[in-house]
Amino acid sequence: MRNAVYAAVQDFVGEGTAQVLDRLVGLGVDGVVLATSYHRARDVTPHSPTRLTVRHDGAYFAPDSFPDLFGAGSLAPPRVAPELAVASDVVGAAAVRGLGVGGWTVLCHSTTLGLAHPEVTQLSCFGGREAPADLCPANPRVRRYVRDLVVATARLGVDTVLAEALHYGSFGHGYHHERSFVALGEVEQWLFGLCFCEHCAAAVRRVGGDPDRARQTARREIDRVLGGGVSSAVPLTTEAVAALGDDLAAMLRARTEIVTSLVAEAAVAAADAGSRLTFVDPCGAALGYADGLPTGPLAADVGWRVGIDAAALGRVADYAVLTYASDTDRIAKDVARYRALLGPRPELRAVLRPGLPDTRDAAHLAAKSAAARTAGADAVDFYHYGLATLADLDRIAATTSPSTTAPHREERRS
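Residues numbered from 1 in each chain as written. Predicted model: local features only at pLDDT ≥ 70, side-chain atom pairs only at ≥ 80, totals over all residues. Heavy atoms only, no water.

Caption draft 1: Broad picture of the layout of surface pockets. One number sums up the size of the second largest pocket: a volume of about 370 Å³. Lining the second largest pocket are 20 residues, and of these E130, A131, F171, E178 and F192 lie nearest its centre. Partitioned by chemical class, the residues of the lining of the second largest pocket number 7 nonpolar, 8 polar and 5 charged. (1 Å grid on protein atoms, 1.4 Å probe; cavity = no way out; pocket = protein on both sides within 12 Å on 5 of 7 lines; lining within 4 Å. Points joined across faces, edges and corners; volume = space filled by probe spheres on them. Nonpolar A, V, L, I, M, F, W, Y, C, P; charged D, E, K, R; others polar.)

Below, the structure written as structure tokens:
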């Protein structure tokens, strides 16, 4: 797939599989990235029958069809309504039209699973599990769940498993309707989002740190602000973490090792099931989601905050980056930075939004697509079929003509 569009099962159920796929073919794309498992959301969907769509945690296929997966004592993806468990049908219909399919699966982010099994969620420095959406990547049951869900997705017949939320969660995205009337700084928010469960603590000890001292430092820094003090007001950098002591620096190292090893396990599981794994890096979305105007560090340089080491991950999986930015130069710099860290081997996919708040018109989208390819992206994808207006989707056609696409990666680098 060199140009794919992200889409949800609800798009196909609501508008009709044939209509959606035929529209994608008409845009000139050669693939669809289908949400085979997803998280909770309520979306404005401009051309759906109801114009609003509620999505639930769960897998859009029948987990019971894989009796060797999700066994006794294991976590299993929540069930969705039977009329929505049609991912395999969409995969087959796309193949008939010559479209490649990526199976887009959300892994360590599930409010439903977290509420049902709080023991597998992240444990804060204060000893609470108040981020039910965030499953801990160090927990053995979560790691088995990740492998099982990747295998199940691969067996649907997809070309690649696009793995979203295959890293630690962050303080600001652990539940719904989150509120704080305390001015926590970037450092305090990061500390509040750390996991101190037994499995993370063991990993910190393996790299020479003391998790108890790290926890005490985190509590002290947060309580200082919660007690009426002023936040540190310094940018969240690795230097700022190091200034808080060797034990928190060790925790940073341990978290990246945990995520890297889990992605490697998932990649092996996908390969054994006849597919491949594409890691979805969320950092560009985190920086530019609200307004398409990311500032400060490039996306690749903030991944450490949630345990992402792009250079290490590029050795075990392909890569997709969410380039949610209006500025063409920013997209080029973000993609170039990822390519430099990843090296030439892994496929690098850049994901653009064709409409608000990032894109003005078709020419703007085409310019951003060209910039991403020139900077090192092998493919450009578009997010998201159901969330964009039909007029915004029509802009994609301006990016898929031969004059606006680069040669295949193998040809370009030969």
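Caption draft 2: Molecular detail of the pattern of salt bridges. A complete count under the given rule lists 25 salt bridges for this structure. Among the ionic pairs, R79 bridges to D64, the shortest N-O distance being 2.5 Å. Here R79 is found in the loop between β5 (58–59) and α3 (87–96), whereas its partner D64 is found in the loop between β5 and α3, with 15 residues between them in sequence. Across the pair, exposure class does not vary: R79 and D64 are exposed alike. A network of salt bridges, in which partner residues are shared, links R276, D318, E347, R349 and D381. (Salt bridge = Lys/Arg side-chain N within 4 Å of Asp/Glu carboxyl O. Helix = DSSP H or I, 4+ residues; strand = E, 2+ residues; numbered from the N terminus. Buried < 20%, exposed > 50% of the residue type's maximum accessible area, 1.4 Å probe, protein only.)

Caption draft 3: Just the nonpolar core, in detail. Core analysis: the biggest nonpolar cluster contains 131 residues, and L166, L277, Y319 and Y338 have the highest contact counts within it. The element best represented in this core is helix α10 (residues 246–272), accounting for 13 residues. In contact with Y338, not counting residues within four places along its chain, are D281, C283, A299, A300, A310, Y319, V321 and L348. (Core = buried A, V, L, I, M, F, W, Y, C linked by side-chain atoms within 4.5 Å. Contact = heavy atoms within 4.5 Å.)

Caption draft 4: Summary view of empty space enclosed by the protein. Tallied over the full model, the rule gives 1 cavity of 30 Å³ or more. In this structure, the largest cavity is lined by S37, Y38, G58, P77, P78, V106, H109, S110 and Y145. For the lining of the largest cavity, the residue count by class is 5 nonpolar, 4 polar and no charged.

Caption draft 5: The arrangement of the state of the cysteines in detail. One pass over the structure, following the stated rule, counts 0 disulfides. C197 provides the cysteine sulfur closest to C195, a residue in no disulfide bond, and the two sulfurs are 3.6 Å apart. C283 forms no disulfide, and the closest cysteine sulfur to it belongs to C108, at a distance of 15 Å. (Disulfide = S-S within 2.5 Å.)

Caption draft 6: Just the side chain of S37, in detail. For S37, the location among the structural elements is in strand β2 (residues 31–38). Looking at S37, the relative accessible area reads 2%, which means it is buried. Polar side-chain contacts of S37 include one of 2.4 Å to the side chain of T105. Here V106 takes part through its backbone nitrogen, which lies 3.3 Å from a polar atom of the side chain of S37. (Polar contact = N/O pair within 3.5 Å; in protein donor to acceptor, adjacent residues only side chain to side chain.)

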